[in-house]
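If you want the building blocks of each chain, they are given just below.
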Amino acid sequence: MKTDFKDIRIGQFIAKRVQECDMDNVRICNFFRCSQEEVEEMYKKQDLCTELLLKWSKLLSYDFFRLYTQHLILYSPPEGGEKKNEPVSTSLPMFRKHIYTKELISFVIDQINTGAMNKSEVMSRYRIPKTTLYKWLSKYNPK
């Protein structure tokens, strides 16, 4: 499945994962304490509240939040023009900014192989370091 990280329709991803896992509808309804119709409605949603998404992630053993993380990596604007002298401290948890999944790597390589973007466009648009991109191409690019 070619993943479109720009337009995330989370219900479709959940429905696909349910199908892949061959998950029984009775089990899903019991887990969520809802009817089959309500589950079907969730499959049609473009977005879900984080509590529901966390439950789906647990039930289906798949990190659906990662889809949004990949969106941030690919489509967030470049960091601001103003240079900050010192880092802003926060009480919130801190995470590495770039977490490259196999899906993301495959997407980037596909963009280059299909001619949709060249290497320099990929590096510029998605802020992927040159050495990282070339390592991906040598390791994952089928030739």
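Residues numbered from 1 in each chain as written. Predicted model: local features only at pLDDT ≥ 70, side-chain atom pairs only at ≥ 80, totals over all residues. Heavy atoms only, no water.

Trainee: Explain the overall build of the chain here, please?
Mentor: The helix and strand inventory of the chain stands at 8 helices and 0 strands. What you see in the chain, going N to C, is helices and strands ordered as α-α-α-α-α-α-α-α. Counting only residues that meet the buried cut, the chain has 32% of its 143 residues in that class. Long-range contacts, defined here as pairs at least 24 residues apart, represent 66% of the contacts in the chain between residues at least 6 apart. Accessible surface for the chain amounts to roughly 10,300 Å². Of this, 51% is attributable to carbon and sulfur atoms. (Helix = DSSP H or I, 4+ residues; strand = E, 2+ residues; numbered from the N terminus. Buried < 20%, exposed > 50% of the residue type's maximum accessible area, 1.4 Å probe, protein only. Contact = heavy atoms within 4.5 Å. Areas by Shrake-Rupley, 256 points an atom, 1.4 Å probe, with all protein chains shown as cover.)

Trainee: Quick question: what am I supposed to make of the state of the cysteines here?
Mentor: Defined simply, a disulfide is a covalent bond joining two cysteines at their sulfur atoms. Enumeration over the complete set of coordinates arrives at 0 disulfides. No disulfide involves C34; its sulfur sits 5.2 Å from that of C29, the nearest cysteine. A relative accessible area of 16% places C34 in the buried class. (Disulfide = S-S within 2.5 Å.)

Trainee: Explain the packing of helix α1 (residues 10–21) against helix α4 (residues 50–60) here, please?
Mentor: The geometry of a pair of packed helices is captured by two quantities: the angle between their axes and the separation between those axes. One way to put it is that α1 packs onto α4 with a least axis distance of 11 Å and a crossing angle of 20 degrees. In terms of axis orientation, α1 runs roughly parallel to α4. Between α1 and α4 lies a crossing whose hand is left-handed. Within the contact between the two elements, α1 uses I10, I14, R17, V18 and C21 and α4 uses L53, W56 and L60. (Axes fitted to C-alpha atoms, helices over the stretch in contact; angles between N-to-C directions. Parallel < 35°, antiparallel > 145°, perpendicular 65-115°, else oblique. Left-handed = near helix turned anticlockwise from the far one by under 90°.)

Trainee: Just checking my understanding: could you explain the environment of R66 for this structure?
Mentor: One can find R66 in helix α5 (residues 65–75). The partly exposed category is assigned to R66, whose relative accessible area is 31%. Sequence separation between R66 and I99 is 33 residues; the distance between their C-alpha atoms is 9.2 Å.

Trainee: Is there a simple way to explain the packing of helix α6 (residues 102–113) against helix α8 (residues 130–140) in this structure?
Mentor: At a minimum axis separation of 11 Å, α6 and α8 run at an interaxial angle of 90 degrees. The angle between α6 and α8 falls in the class roughly perpendicular. Residues I105, V108, I109 and I112 of α6 pack against L133, W136, L137 and Y140 of α8. For the contact of α6 with α8, the class distribution of residues is 8 nonpolar, no polar and no charged. (Nonpolar A, V, L, I, M, F, W, Y, C, P; charged D, E, K, R; others polar.)

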